[in-house]
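Topology and contacts: notes
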Amino acid sequence: MSTKAKRTAREVREVPAYAVAEAARYLSMPPATLRSWFAGIEGHFAPVIKRALPGDSRLSFSNIVAAHVLRALRTKHGISMPYVRKALDYVQRSYSIPRLLVDPGLRAAPGRMFLKRYADLVELPRSGQHVIEQ
């Protein structure tokens with residue numbers, strides 16, 4: 001029997017294993033865009049998605065899922081990056097959710113983001129206004 005403890009599924013999803021170029025191919029997007037989402041561009045904007053392991057240039061499976069969700073928010077739902085940034089900040093401050101993009105409560109509609117919390121649907125980032133789910 002191995003002396004190593006078995007990793008949980010969550011731990012396995014957080015192991016950095018994918019180069020940015022490889023992940024960009026999987027996501028069908030430019031590597032430079034993906035890199036900027038994780039590294040930011042000095043003097044212009046901070047990273048949108050945090051790497052699983054700071055200092056490691058590789059991405060985890062959860063990082064790739066977050067990038068896929070961000071890409072869908074931007075392209076399929078037409079949500080601007082400033083709106084996404086505000087929503088991420090609001091949810092982290094108000095609900096202590098550090099990674100909204102991989103949270104199962106995230107919902108989206110054209111131009112809008114929501115957070116499903118128990119029986120409530122909260123519109124993001126607009127002051128956490130509660131809305132009726134359709």
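The structure reproduced in this document is the subject of the present report. If you're wondering where the values come from, they're calculated on a predicted model, not measured in any experiment.

1. Focus on a nonpolar patch on the surface
Where nonpolar side chains cluster on the molecular surface, the patch consists of Phe61, Val65 and Val102 and spans about 210 Å² of accessible area. Looking at the element boundaries, Phe61 is found in helix α4 (residues 61–75).

2. Let's talk about the environment of Gly40
Along the chain, Gly40 falls in the loop between α3 (31–39) and α4. For Gly40, the contacting residues outside a window of four places in its chain are Arg35, Phe45, Ala46 and Pro47.

3. Concerning the packing of aromatic side chains
The way to describe two aromatic rings as a pair is by their centre distance and the angle between their planes. On inspection of all chains with the given rule, the structure shows 2 aromatic pairs. With centroids separated by 6.1 Å and ring planes inclined at 80 degrees, the aromatic side chains of Tyr18 and Tyr26 adopt a geometry described as edge-to-face. The exposure class assigned to Tyr18 is partly exposed, which follows from its relative accessible area of 23%.

4. Here's the deal with α4
Its 15 residues place the ends of α4 21 Å apart at the C-alpha level, agreeing with the 21 Å of an ideal helix rising 1.5 Å per residue. Of the residues making up α4, those classed as buried are Ser62, Asn63, Ile64, Ala66, Ala67, Leu70 and Leu73. Those residues of α4 that are buried are in contact with α1 (9–13), α2 (20–27), α3, α5 (81–95), β1 (106–109) and β2 (112–117).

5. A short note on α5
For α5, which comprises 15 residues, the first-to-last C-alpha distance of 21 Å matches the rise-based estimate of 21 Å (1.5 Å per residue) to within 8%. Among the residues of α5, Met81, Tyr83, Val84, Ala87, Leu88, Tyr90 and Val91 are the ones counted as buried. Packed against the buried residues of α5 are α3, α4, β2 and β3 (120–124). Of the residues one or two after α5, Ser96 is the one with positive phi, at around 55 degrees.

Thresholds applied
Residues numbered from 1 in each chain as written. Predicted model: local features only at pLDDT ≥ 70, side-chain atom pairs only at ≥ 80, totals over all residues. Heavy atoms only, no water. Patch = residues over 30% accessible without salt bridge, like charges linked within 9 Å, V, L, I, M, F, W, Y side chains within 5 Å. Areas by Shrake-Rupley, 256 points an atom, 1.4 Å probe, with all protein chains shown as cover. Salt bridge = Lys/Arg side-chain N within 4 Å of Asp/Glu carboxyl O. Helix = DSSP H or I, 4+ residues; strand = E, 2+ residues; numbered from the N terminus. Contact = heavy atoms within 4.5 Å. Phe/Tyr/Trp six-rings, centres within 6.5 Å; stacked < 30°, edge-to-face > 60°. Buried < 20%, exposed > 50% of the residue type's maximum accessible area, 1.4 Å probe, protein only. Expected span 1.5 Å × (residues − 1).

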